[in-house]
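# A structural walkthrough
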Amino acid sequence: MEIWHVRGGNRLFGSCRVQGSKNASLPVLAASMVLPARSQIRNVPQLRDVDAAASILSHLGCRVERSEGEICIDSTGVNCAEVPHELMAEMRSSVIFMGALLGRCGEAKLSLPGGCQLGKRPIDLHLSALRAMGAQIDEEGRDLFCRAERLHGADITLRFPSVGATENIMLAACAAEGRTTIRGAAREPEIVALQDYLTSLGAHIAGAGSDTVVICGVSPRPEADFTVPGDRIVASTLACACAAAGGRIILSGVKPDHFLTVLHFLNEAGCDIIHVNDIVEISSSGSLRAPGSIVTAPYPGFPTDAQPILMAALLRAEGTTQITETIFENRYRQVSELRRLGADIRVKDTTALVRGVKELHGETLTAPDLRGGAAMIVAALSARGESRVIDAGHIKRGYENLDDRLCALGAEVWIEHT
Ligand code: EPZ
């Protein structure tokens, strides 16, 4: 168990290179086994979820070599189509191995995935799409037995632009006969990253970033070289930390376009934002005003992953902020903890009203999940006195050396291992 100690009150100053994106790395890692090839993947963050993906690949027969920030995967020796339950349970993204395994091996034995407890997280869209492509999938309790003599292309319309379902279909479609069209596809930057990686493997795929993605087979290449884009949620977290604590930070290695909605609300809250190419500068006096109404939505809307974190940054903002969560049914788990710092937050159904308070005070908090944990750290940075965040390993699932990065910007953060 880790206990994060945060002494609030320091302003943040300096530059920080943002880590590679977790949510772009994980599907790319799963995709590395769809075709027999050797992939060099760069700018991969060192995270528990990445460790879990690497363990799954090794278990399936891939050779996985890691050096700082890079993973080299040789998937020519894949010899197994089963992902053990304990590896599936490590993270949500393990479900993407279903499309990858079906495509490569014609079968997959796995179980329902783990990940943050954000409410019901069904995989019906994944299953119905793969079935439409010719897979037979039997569900027994938490186990999934999938088979496909031959996957074929299909015209699939998603009733919701699910990120994971779009990724799963893209992977299976690379090995399918004929053309697959995904309508109502997710448009997140992570989908574009996956398309770019699959293209480097020889896939004929187009449309990522729009609501229609078309995949029509591959002309396999033996080697691929891919660089993971910067993590837009980590960038949002650091920007929110600066907004709440005050100061001036410069973020590099991430595309401002990928988190424009977050920057927009920080600007509305009184921060100065300048962005040029892959550099973003955020300046904050530490005294914010409520930026009005924030509604989470699929990309290019305001990201649900940044919702707890922006909420944490606005706890002392003058006025009332209205936040509506539309993606996950249980994404206000940070609220009860933030109240312990003195925050005034009322939740009714999917809407939270945050009334700015004059001051927050340090407390002992428990991180409820990955982004909820990051929210605790952001709030604690602007609280008076010391806070302790008890974290059952959530934060390190998504943030690489967040403690060191914040300290380098002038924060007082240290981790106690118990
Ligand atoms: C991805 O999860 C991200 N995870 C999440 O980030 C992110 O919050 C989410 O997309 C939304 O942006 C990874 O990329 C690893 P979805 P995913 O399928 O793919 C419903 C983080 O903190 N749905 O787009 O699981 C579902 O219940 C994490 O980094 C179905 O109904 O998200 C939810 O309400 C947490 N049926 C909504 O769609 C399905 O078959 C969005 O889910 C699939 C999803």
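Everything discussed here concerns the structure shown above.
Conventions we followed
- Residues numbered from 1 in each chain as written.
- Predicted model: local features only at pLDDT ≥ 70, side-chain atom pairs only at ≥ 80, totals over all residues.
- Heavy atoms only, no water.
- Salt bridge = Lys/Arg side-chain N within 4 Å of Asp/Glu carboxyl O.
- Helix = DSSP H or I, 4+ residues; strand = E, 2+ residues; numbered from the N terminus.
- Buried < 20%, exposed > 50% of the residue type's maximum accessible area, 1.4 Å probe, protein only.
- Core = buried A, V, L, I, M, F, W, Y, C linked by side-chain atoms within 4.5 Å.
- Contact = heavy atoms within 4.5 Å.
- Pairing = 2+ DSSP bridges.

## Points about the pattern of salt bridges
Using the criterion set out here, one finds 25 salt bridges in the structure. For Arg-66, the salt bridge is made with Asp-51, and the minimal N-O distance between the two is 2.8 Å. Here the residue Arg-66 occupies a position in strand 4 (residues 63-67), and Asp-51 occupies one in helix 2 (residues 48-59), the gap between them amounting to 15 residues. Owing to a relative accessible area of 36%, Arg-66 belongs among the partly exposed residues under this scheme. Given a relative accessible area of 34%, Asp-51 falls into the partly exposed group. Glu-190 is the partner of Arg-232 in a salt bridge, and the nearest nitrogen-oxygen pair spans 2.9 Å. On the criterion of sequence distance, the pair formed by Arg-232 in helix 8 (residues 232-245) and Glu-190 in helix 7 (residues 189-200) is long-range, its members being 42 residues apart. The class for Arg-232 is buried, based on a relative accessible area of 9%. Overall, Glu-190 belongs to the buried group, its relative accessible area being 8%.

## Remarks on the nonpolar core
Membership of the largest hydrophobic core comes to 77 residues, with the highest contact counts inside it found for Phe-97, Met-98, Leu-110, Met-133 and Leu-198. No other element matches the 7 residues that helix 6 (residues 163-174) contributes to this core. Not counting the four nearest positions on each side in its chain, Met-133 is found in contact with Arg-150, Leu-151, His-152, Ala-154, Ile-156, Ile-169, Ala-172, Ala-173, Ala-176 and Thr-180. Formed by 73 residues, the second largest nonpolar core is a distinct cluster that contains Leu-251, Phe-259, Ala-312 and Ala-380.

## Points about the pairing of strand 13 (residues 223-227)
Here strand 13 shows a clear split, with Ala-224 and Phe-226 buried on one side and none of Glu-223, Asp-225 and Thr-227 buried on the other. Where strand 3 (residues 38-42) and strand 13 come together, 5 bridges link them in parallel fashion. Following the sheet pairing, Ile-41 is matched in strand 13 by Phe-226.

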